[in-house]
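One letter stands for each residue in the lines below.
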Amino acid sequence: MKPAPFEYFAPGTVDEALALLAEHGDEAKALAGGQSLIPAMNFRLARPRVLVDLNRVEALSYIRSEKGGVAIGAMTRQRAVERSDVIARGAPLVAEAMPSIAHPQIRNRGTVGGSLAHADPSAELPAVAVALETRFRARSTTGERTIVADDFFKGMLETALEPGELLVDIAFPPLPPRTGTAFLEVARRHGDYALVGVAAVVTLDAQGLCTAARIVLLSVGDGPVLAAEAGKTLMGQSRSDDLLRAVADRAANRDVDPPSDIHASAAYRRRLVAVLTRRALERAFERAETKQPRNQ
Amino acid sequence: MEPRRQIGERVRRTEDARLLTGHALFVDDVRLDGMLHVAFLRSQYAHARLVRVDATAARRRPGVVAVYTAADLGDYWRPGPLLVPPPPIAGLVFNACTQVPLAKDKLRHVGEPIAMVVAESRYLAEDALDDIVLQAEPLPAVVDLEAALRDGATRVHEHLPSNVAAHAVQRKGDYARAARGAHTVIKRRFLYDRGASAAIENRAVVAQWDPRAEELTVWDTTQAPIPIRNGLAQLLGLLQSQVRVVAPFVGGGFGPKIMMYYPEEVLVPWAAMRLGRPVKWTEDRQENFFATTQERGQIHDAEIALDKRGKILGVRDVFLHDTGAYDPYGLTVPINSQCTLLGPYEVPNYESEFTAVFTNKTIVTPVRGAGRQHGVFVIERLLDFAAKELKIDRVEIRRRNLLRPDQFPFNNEILFQDSAPLTYDSGDYEPALDQALELIDYHRFVREEQPRLRAAGRHVGIGIVCYVEGTGIGPYEGARVTVEPGPGVRVRLATGVGTQGQGHFTSFAQIVAEVLGVEVADVHVITGDTREFHWGTGTFASRGAVVAGSACHAAATRVREKILELASHELNASTADLVLAGGKVHVRGGDPSGGIALGALAVKANPLRGAVRPGTEPGLEATAYFGPDRGSTASGVHAMLVEVDPETAQVEIKRYVVVHDCGRVINPMIVDGQIHGGVAHGIGNAFYEQLVYDEEGQLLNASFMDYLLPTATDVPHIETAHRETRSPLNPLGAKGVGEAGAIPTGALFAQAVEDALSDTGLEICEIPLSPNQLFALIERAR
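Residues numbered from 1 in each chain as written. Chains lettered and ligands numbered in written order. Predicted model: local features only at pLDDT ≥ 70, side-chain atom pairs only at ≥ 80, totals over all residues.

**Notes on the overall build of chain B**
Looking only at helices and strands, chain B features 19 helices and 30 strands. Relative to the compact-globule value of 28 Å for 782 residues, chain B shows a C-alpha radius of gyration of 28 Å, a close match. For the C-alpha atoms alone, the extent of chain B along its principal axes is close to 90 × 75 × 50 Å. Counting every position in chain B, which comprises 782 residues, the buried fraction comes to 57%. The long-range share in chain B, meaning contacts at least 24 apart out of those at least 6 apart in sequence, stands at 80%. (Helix = DSSP H or I, 4+ residues; strand = E, 2+ residues; numbered from the N terminus. Rg over C-alpha atoms; globule rule 2.2 N^0.38 Å. Buried ≥ 20, exposed ≤ 12 C-beta atoms within 10 Å, placed from the backbone. Contact = placed C-beta atoms within 7 Å.)

**Concerning the overall build of chain A**
When its secondary structure is counted, chain A shows 12 helices and 14 strands. For a compact globule of 296 residues, the expected C-alpha radius of gyration is about 19 Å, and chain A comes in at 19 Å, within 12% of that figure. Over its C-alpha atoms, taken along the principal directions, chain A stretches across nearly 60 × 45 × 30 Å. Burial analysis of chain A (296 residues in total) assigns 51% to the buried set.

**Describing the interface of chain A and chain B**
Residue-level contacts link 16 residues of chain A with 21 residues of chain B. Among the elements that take part in the side of chain A that touches chain B, helix 12 (residues 266–290) of chain A stands out by supplying four residues, more than any other. Across the side of chain A that touches chain B, the residue classes tally to nine nonpolar, three polar and four charged. (Nonpolar A, V, L, I, M, F, W, Y, C, P; charged D, E, K, R; others polar.)

**Details of helix 17 (residues 668–688) of chain B**
At 3.6 residues per turn, the α-helix brings residues three or four places apart onto the same side. In this model, helix 17 of chain B (21 residues) spans 29 Å end to end at C-alpha, consistent with the 30 Å of a helix rising 1.5 Å per residue. Taken across its 21 residues, helix 17 of chain B has 16 buried, putting it largely inside the fold. (Expected span 1.5 Å × (residues − 1).)

**Considering helix 8 (residues 124–131) of chain A**
Residues and elements named next belong to chain A. Of all eight residues in helix 8, eight are buried; the element is thus mostly enclosed. If you check which residues of helix 8 are buried, you get Glu124, Leu125, Pro126, Ala127, Val128, Ala129, Val130 and Ala131. Positive backbone phi, approximately 50°, marks Glu133, located one or two places after helix 8.

**Details of the nonpolar core**
With 344 residues, the main nonpolar core has Leu217 of chain A together with Val117, Val512 and Val753 of chain B as its most contacted residues. For this core, the leading source of residues is helix 15 (residues 544–571) of chain B, giving 14 residues. Residues contacting Val753 of chain B, with those up to four places away along its chain left out, are Gly461, Val642, Val644, Val651, Ile764, Leu769 and Leu774 of chain B. (Core = buried A, V, L, I, M, F, W, Y, C linked by C-beta atoms within 7 Å.)

**With respect to the packing of helix 11 (residues 394–401) of chain B against helix 12 (residues 429–440) of chain B**
Residue and element names in this part refer to chain B. One way to put it is that helix 11 packs onto helix 12 with a least axis distance of 10 Å and a crossing angle of 165°. Between helix 11 and helix 12, the angle is such that the two are roughly antiparallel. Note on packing geometry: the crossing formed by helix 11 with helix 12 is left-handed. Packed against helix 11, whose contacting residues are Val395, Arg398 and Arg399, the element helix 12 presents Glu430, Leu433 and Leu437 at the interface. Per-class residue counts for the contact of helix 11 with helix 12 are three nonpolar, no polar and three charged. (Axes fitted to C-alpha atoms, helices over the stretch in contact; angles between N-to-C directions. Parallel < 35°, antiparallel > 145°, perpendicular 65-115°, else oblique. Left-handed = near helix turned anticlockwise from the far one by under 90°.)

**Here we look at the packing of helix 10 (residues 372–390) of chain B against helix 11 of chain B**
Residues and elements named next belong to chain B. Remark: helix 10 packs on helix 11, axes separated minimally by 9 Å, with the N-to-C direction vectors making an angle of 115°. Classified by the interaxial angle, the pair formed by helix 10 and helix 11 is roughly perpendicular. Helix 11 is crossed by helix 10, and the crossing has right-handed handedness. Taken together, the residues of helix 11 that come into contact with helix 10 (itself represented by Leu383, Asp384, Ala386 and Ala387) are Arg394, Ile397 and Arg398. Looking at the contact of helix 10 with helix 11 residue by residue, the classes come out as four nonpolar, no polar and three charged.

**Considering the environment of Thr760 of chain B**
Residues and elements named next belong to chain B. With respect to the element layout, Thr760 can be found in the loop between helix 18 (745–756) and strand 30 (766–767). Classification of Thr760 as partly exposed rests on a count of 17 C-beta atoms within 10 Å. Residues Thr760 and Arg780, 20 residues apart in the sequence, show an inter-C-alpha distance of 9.5 Å. Each residue touching Thr760, except ones within four places of it in the same chain, is listed here: Ile778, Ala781 and Arg782.

**Looking at the sheet that holds strand 28 (residues 650–661) of chain B**
Residues and elements named next belong to chain B. The strand order across the open sheet formed by four strands is 19-27-28-29, and the pairing between neighbours is mixed. Only two strands of the sheet have a single partner each, and these edge strands are strand 19 (459–471) and strand 29 (718–723). Ignoring which end each strand starts from, the neighbouring axes of this sheet average 15° apart. Pairing analysis gives 13 bridges linking strand 19 to strand 27 (residues 632–645), with the strands arranged antiparallel. Across the sheet, Val460 pairs through a bridge with Glu643, a residue of strand 27. Sheet strands in contact with helix 17 are strand 28 and strand 29, and its direction is about 130° off that of strand 29. (Pairing = 2+ DSSP bridges.)

**Digging into the sheet that holds strand 10 (residues 166–172) of chain A**
Residue and element names in this part refer to chain A. As summarised here, the arrangement of the five strands in space is 4-5-10-6-7, forming an open sheet in which the pairing is antiparallel. Edge positions in the sheet fall to strand 4 (63–66) and strand 7 (143–148), since each of these pairs with one other strand and no more. For this sheet the average axis-to-axis angle between neighbouring strands, irrespective of direction, equals 25°. Sheet topology places strand 5 (residues 69–73) next to strand 10; four bridges connect them, and they run antiparallel. Pairing of Ile72 across the sheet is with Ile170, part of strand 10.

**Some details on unusual backbone geometry**
Residues and elements named next belong to chain B. Geometrically, the link from Gly474 to Pro475 is a cis peptide bond, its omega value of 5° lying close to zero. Residue placement: Pro475 occurs in the loop between strand 19 and strand 20 (477–483). The omega torsion of the bond from Ile767 to Pro768 falls at 5°, within 30 degrees of zero and hence cis. Looking at where Pro768 falls in the secondary structure, it is placed in the loop between strand 30 and helix 19 (771–781). At Phe254, a position not held by glycine, the phi torsion is positive, near 65°. Within the fold, Phe254 resides in the loop between strand 12 (243–246) and helix 7 (263–275). Note on Phe254: 26 C-beta atoms within 10 Å, which makes it buried.

**Observations concerning the pairing of strand 21 (residues 491–495) of chain B**
Residue and element names in this part refer to chain B. Strand 21 sits mainly inside the fold: four of its five residues count as buried. Sheet topology note: the strand 20/strand 21 ladder contains five bridges and is antiparallel. The residue of strand 21 that forms the bridge with Arg480 is Ala494. When strand 21 meets strand 22 (residues 523–527), the two strands line up parallel, connected through five bridges. Counterpart to Thr495 in the pairing with strand 22 is Thr527. The parallel pair strand 21 and strand 22, bridged by helix 14 (residues 504–516), forms a crossover whose chirality is right-handed. (Right-handed = clockwise from strand over helix to strand, strands pointing away.)

**Some thoughts on the pairing of strand 12 of chain B**
Residue and element names in this part refer to chain B. Burial along strand 12 is two-sided: the face carrying Val243 and Val245 and the face carrying Arg244 and Val246 are both buried. Here strand 11 (residues 215–220) runs beside strand 12; their pairing, made up of four bridges, is parallel. By the bridge assignment for strand 12, Thr217 is matched with Arg244. Running through helix 6 (residues 225–236), the crossover from strand 11 to the neighbouring parallel element strand 12 is right-handed.

**So, the environment of Thr98 of chain B**
All names here are of chain B. Among the secondary structure elements, Thr98 is positioned in the loop between strand 4 (93–94) and strand 5 (106–107). Along the chain, Thr98 and Pro79 lie 19 residues apart, while their C-alpha atoms are 5.7 Å from each other. Those residues within four positions of Thr98 in sequence are excluded, and the remaining contacts are Pro79, Gly80, Pro81, Leu82, Tyr326 and Pro328.

Laid out in C-alpha cells, this is it:
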C-alpha cells in the first residue's frame, strides 16, 4: 500500500496552481484534503504522475455571506464549515449534513471543494449542493466560468470540470421565505458512506401549500439523484401523512433505480429511500411552517 | 508489617505508561543499519494453475536486491508443519494439507504468496511487483461449502479424492433413542459466519543474521515466540540457541498470530541470512485481509429433543466447516464448536458430526472464541425455539437444564481440542443466571416495560444467553523469578508467553508480588523473548493467566522458600517465624526495621568469598513450570436490551450486561477490559463484520471502508459482574477470560432482535445480521 512514483508541487497561489495544471494536463491531479485521493494512490488505484497540492493556497479558504446566500472557498475544511455560524444561518441544510461526513478527524482535513470535485455518489455534499441549486465557479489559465449544480455532476466520480480547470468557489443561493430543509441518512456506522441519504428543501406559500420542492438522494445512483417525480407530487399540496407517504413512495419507485452491493440490496435501498424521504419531508415541512428560513 | 493482598486488586496496568507515550517497542519500530524491505507478489486468483513466474525485469529494477520464487528456494521450499494433530476420535478422517512458502504449481487462494521482492525500500519493492510476469490458467473456484462436496466438484487439492479436509463424529449416549421418546423435537438450519481478527497491528517480521556471533535474531509479531524459534532453528539448520525470537509489544493477537510459520515468517529470516543484511516485512492492511488467517462460516443442521417440561433429552448436530485452502491448525475450530455446543446444560444424549471442507479462501485458524461462538449459537437458538414451542419462558427452560454444582467435575464424554475428554472442572451456573436477570431487570422489563413500549409502537427486545468456555489448556508454561541483588527491592520475572495487550506485565507481577511480599511496581516483567526464557508454547486458548500465571506462582513460591531458608540463618529464627512483607524479611512480632531487605539478602545468596553450605544454589532465583491436567471451564451469562427500527432495520443496543465467572480474578480491571474487548469483537461478529466472497472466490470487502469494525460509538457501555467459582486444577484457582466476551454475543443478538420484532414472527437462524439481512428477514416474514 505504497503509491507509485509521482512528482509533487505545492503552489502558493491559484494562478501558480492553474499554471501547473495547464502544464501537466490530465497527468496531473489536484490534491485538496487528500481523504479520497491518498488512499486511492496507496492502493495504486490512482496513479497520477503529478500532484498539485493546493493546501498552501490560502486564498481558497473562506466562508462569507454573499448576496443573501453563502460563498465558500474550495479549500475550506469541512470542519470549519460545520462550525460556522454563517453556514448555520445562511445554509442550514449544509450545517445539518456536515456531521454525517465521515469523522471529525477526516473533516479536519477534508475540504468542501475536494468532496464536490470528487463527486462520489455516496457523498453528502454533492446531494446537498444539488438540493440547494448551488453555483460552482471554476477557473483555468484561460478564464473562469460558473456551473450550476444540475450541470456539475456528470456521473460516477465525474464532473463538468475540464482538465486544467480548478473548482475555486461554491455559492449557496439564499433560501426563499417559508422554506424548510432537512438532511437524513442511514449508514452502517456513524460516519460511514450512507446506505441512503436524502436532502430535502420545501418552500410553502402563506396558505401552507408547497410552491417549490427539491428532494435529492445519495447512494442510489451514479451521482446525486434529484427525485423529480416526487417533487412534482408535492407541488400545490398541503402537508398530510398520506401525501408524504405518496411522495416517498414515488421517490422510491419512480425516481431511483438503486444499485445492490454488499451492504444493501436494491430492495433495501428502495425501502430506505421511502422511509428517509418521508421523514425528511416531515422535518422540512415543520421547519418551513414554523420558522423563517434564516433562523432555522 | 503484614503481607499485602495483591491478587484480586484493581491494580493499574504498569505497561500502559510505555504504551501510551509511544515508548513500547513494536516490530515495525525495529530499524537497523542496511535494512532491506520486502513486498510479496500475491495471487489475484482464487484458484489457478501456475504456469510460469518470470522475475527477470523485477531483478533488473534499480534498488531491487533480490527476487525469490518457489524455484529459487531449493530445499528450503517445503510445506509448513501440521501444528495441531487432531484428537484420537474413532473413525476420524483427516487430510493434512499445510501451506507452502511460495506457490509452486497451483494457486489456492487470493493473496497466496508467489514471489518475494527484497529491495532498498518498501516503495521500490512494491514498484518491482509490477515487473513480474505471471502466467496462470484460472480454475473454477471452490467457494460454497455444499457445492464443494458434490460429486465432480473441482478439487482444491488434487491428490485428494474430494474437498473433505476432515470428517468426525462424536457421540454420547444414544440420540436416536432419546428422540424417539421425546415430547418435542425441534430442527433448524443455522448459518454462522465469522470474520477477520482485525488486530490493530498487522503482522511484521524483522530478521538479522550476525555472522560473528553466528546468531539469528528475529523480531516477530507472534503469540508464540518459543515454538517459532525452535521451528526456525530446525528449518535453517541452526541450533535452537543460535536463534533468538523476540515478540515485543504486539498490537493484538486474537489467534491468527499464533505459531503459524506463515510464509513470510519463514522467508524473511532465510533471506536475511542469505543476503547478509537485515530484512523487514510489515504486512499492510490489504495483505492482512488475504494473508492472515481468519475464521469463517459453518452450516449446522441441528435438532434438539425435549420432554414436555423442556428438559433436554438430546441434541444432534451435523455441520460443515470451512477450513480454507489449507488446514495447518488441524481441527481445533470445529472441535471447539462441537464441544461448546453442550454449554452449561445437561445433555444426556449427543451426536455431533462435522465435515471440514477445503475451499479456495484464506486459511481458517482460531480467532478469539475459535469456533465456540458457532456452538453456542446453535444450542441457544434451539433452546429459544423450544421455549416458544413449549410455551415456557426462555429463562426457565435454561434454568431447568443447567448443571448443578454437585455434578462437578462433569464429564461430557467427548474429546476436547486438547485430546482429553471434555470435563468441566467446576461451575455454579444458576446464581450467575439469577444475577444477570436481576441486573437487567428481566422480569420487570418483560411484564411492564416491554408491553408499555410496544403499546407506544416501539420495538424493544431483551435477550439472555448462557455459555461455557473451555480455557487454560496445556501443555505447560514456565517462569523464572529472580530477586535482583543490591540496594532496595527489584524482582525480575521472565516467562515464555508473548503478550499482545492482555496486561500480563501487571497480572503476572501481582502474582509474584503477593507471594514475595513486594510491590507490583518492584516486579520487572519480561515476556516473549527467547533469550530470556525459552521453554513454553505461547499465548492462546485463554491460557496466559491460568498456565503462565500458575508457573509464575510456582517460581515465586520456590524463591520465597529460598528467601525464608536463607533469612532463617541470617536472623536466627525458624522459617515459620518469618514474615515476608514490604520487600523485607523480618521476625514475626519483631521490629520490621530490623529485618533484611530482599536485595541485601540476594547479595548474601551469591557470596564472592568463603564457603557455602553443601547443596546451596546461588542467588534468590527459581525456575518453575506448570502444566494442568486439562483445561478449566469458565462460564457466563450475557443479557441485552435492544430497540429496532423496523422501517430501516437499524438496531440500537440499549443495555449490555455480563455476569462472568473466570474463577479467581487476578485483576478485576484487566478482566473487565478483556470482557469489554471480547464483547466488542462479539458485536462486530453479530452485526458488522463479514468477509464477503463472491463466487469467484474474490474477497469483496478487503479494506476497513467495507469491512466494518464496531467503533467506540457502536459499542455500548458494558455492565460487568464477576463471580468466582475457583478451578481446582491450578494453584491460583483461575480460569481463562481472553475469549469469553466474544462467544455468546451472536446468540444474544439474535434472541434480542427476534424478541423486538416478535410481531413479525421472524426467526433468526444466521449471523452476522446486517441491517440488509435483517430487512430481508422482515420482508420474508411479512
